[in-house]
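Understanding the architecture of this molecule
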Amino acid sequence: MAGNIKLIVCDEAADVAKEAAALFADVIKAKPDAVIGLATGSTPEATYAELARMHKEEDLSFAKVTSFNLDEYWGLDGDHDQSYRYFMNGQLFSHVDIRTWNTHVLNGKAVNPQLECQAFEQKILSVGGLDIWLLGIGGNGHIAFNEPGSSVDSRTRLVDLTPETIAANSDGRFFKEASEVPRCALSAGIGTIREARKIVLLATGSGKAPAIAAAVEGAFTPDCPSSLLQDHPDCTFIVDREAAADLKNAG
Ligand code: F6R
C-alpha cells in the first residue's frame, strides 16, 4: 500500500455511515468548538442522518461547531434546490443545533469568484484551520471538484467540471439532465483540504472501486486527485466491501 492512508472496510454502506459519524462525534465531544469540513453528494447522506440522530438521542451538540463545505456550483444561489447550501440545510444543518452563521458554504452567485475564494481561505485561517474534513470521491478520483490534473497545492478557486462529473450528477439523483448541471463550481483546493488535521474519505458501491484502488495503492499523482492524500499524516478511508473490491491489500 502506498502512503499512510488508514483503511476501514465495512460490510455494509450503513456501517460506513456509523463509523464516520462516530469519528466526527469523537472530535466534537473532545473539542465542542471543533471546526469541521463537510461534503455533499449521495455518499455522506447516511452519515448526516446518523449525526442528526446522535444530536436528538445522545445530546451531541453542534452549538459551538464551525463548518466549511468543500464546494458549491457556480451560478446557483443557496435557495436553488440543487445548490450545496440547500443540500446541507436539508441533510444536516436544520436537524442539529449548529448556528447558521457558523456554517460556511461558498456563494455560487458571488460577484467576484476570486474574492469569494480568498475570503473562504481567510475565514479558515481565522478560526485556526480544520480539525476534520469529510470527503467523498468521484468515479474519476476527484475530491471536492478537484478534477484529474489538479495540483497538490491548489487552493480554493473557480473550476470547470469534467463531462464525467456532469454525467455523474445528472443521473436522476440530483439533476435530471446534463444540460441542467452547471459547468463550473467553486471548490476548495487540494492544498486547502490537505491542511485539515484529520481527513475522512467515504466511498460506497462498486462504481467507486477503481478510484479507491488508484487512490490507496496507485501512484501519488494529480491524475488521481485523491491519491494526493497518501502522504497526509492522519487520513482514513472508510469504504464498504464493494468499494474495496479492487484493492490488492484490503486487510
Ligand atoms: C461533494 C464533492 C464531490 C463528491 C463526489 C462523490 O461536495 O465534493 O467530490 O464527494 O463527487 O459524490 P457522490 O457521493 O454523490 O458519489
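Because the structure is predicted, anything quoted here is derived from the model rather than measured.

Digging into the packing of aromatic side chains
By the definition in use, this model includes five aromatic pairs. Aromatic side chains Tyr73 and Phe145 sit 5.7 Å apart centroid to centroid with 40 degrees between the ring planes, which places their arrangement in the tilted category. Of this pair, Tyr73 sits in strand S4 (residues 71-73) while Phe145 sits in the loop between strand S6 (132-135) and strand S7 (157-160); the two residues are 72 residues apart in sequence, bridging distant segments of the chain. With respect to burial, Tyr73 and Phe145 carry one shared label: buried. Relative to Phe175, the ring of Tyr73 has its centre 5.4 Å away and its plane inclined at 80 degrees; by these criteria the two rings are edge-to-face. In this pair, Tyr73 sits in strand S4 while Phe175 sits in the loop between helix H5 (163-168) and strand S8 (184-187), placing the two residues 102 residues apart along the sequence. Owing to a relative accessible area of 3%, Phe175 belongs among the buried residues under this scheme.

Regarding the pattern of salt bridges
Per the counting criterion, the structure on display carries eleven salt bridges. The partner of Arg53 in a salt bridge is Glu50, with the nearest N and O atoms 3.0 Å apart. Here Arg53 pairs with Glu50, and both are found in helix H2 (residues 45-58), just three residues apart, close to one helical turn. Among the salt bridges present, the one from Glu57 reaches Arg53, with a minimum N-O distance of 2.9 Å. Of the two residues, Glu57 and Arg53 are both situated in helix H2; the distance of four residues between them amounts to about one turn of the helix. Here Glu57 falls in the exposed class, since its relative accessible area comes to 57%.

A closer look at the environment of Asp246
Here Asp246 lies in the segment after strand S10 (235-240). Aside from chain neighbours lying at most four places away, what touches Asp246 is Ala209, Pro210, Ala213 and Glu217.

Section: the sheet that holds S7
Taken in spatial order, the three strands line up as S4-S8-S7 in an open sheet, and their pairing is antiparallel. One side of each edge strand has no neighbouring strand; the edge strands of this open sheet are S4 and S7. Averaged over all pairs of adjacent strands, the angle between their axes in this sheet comes to 30 degrees, without regard to strand direction. Where S4 lies against S8, three bridges are found, and the strand directions are antiparallel. If you follow Tyr73 over to S8, its bridge partner there is Ala185.

Conventions used here
Residues numbered from 1 in each chain as written. Predicted model: local features only at pLDDT ≥ 70, side-chain atom pairs only at ≥ 80, totals over all residues. Heavy atoms only, no water. Phe/Tyr/Trp six-rings, centres within 6.5 Å; stacked < 30°, edge-to-face > 60°. Helix = DSSP H or I, 4+ residues; strand = E, 2+ residues; numbered from the N terminus. Buried < 20%, exposed > 50% of the residue type's maximum accessible area, 1.4 Å probe, protein only. Salt bridge = Lys/Arg side-chain N within 4 Å of Asp/Glu carboxyl O. Contact = heavy atoms within 4.5 Å. Pairing = 2+ DSSP bridges. Axes fitted to C-alpha atoms, helices over the stretch in contact; angles between N-to-C directions.

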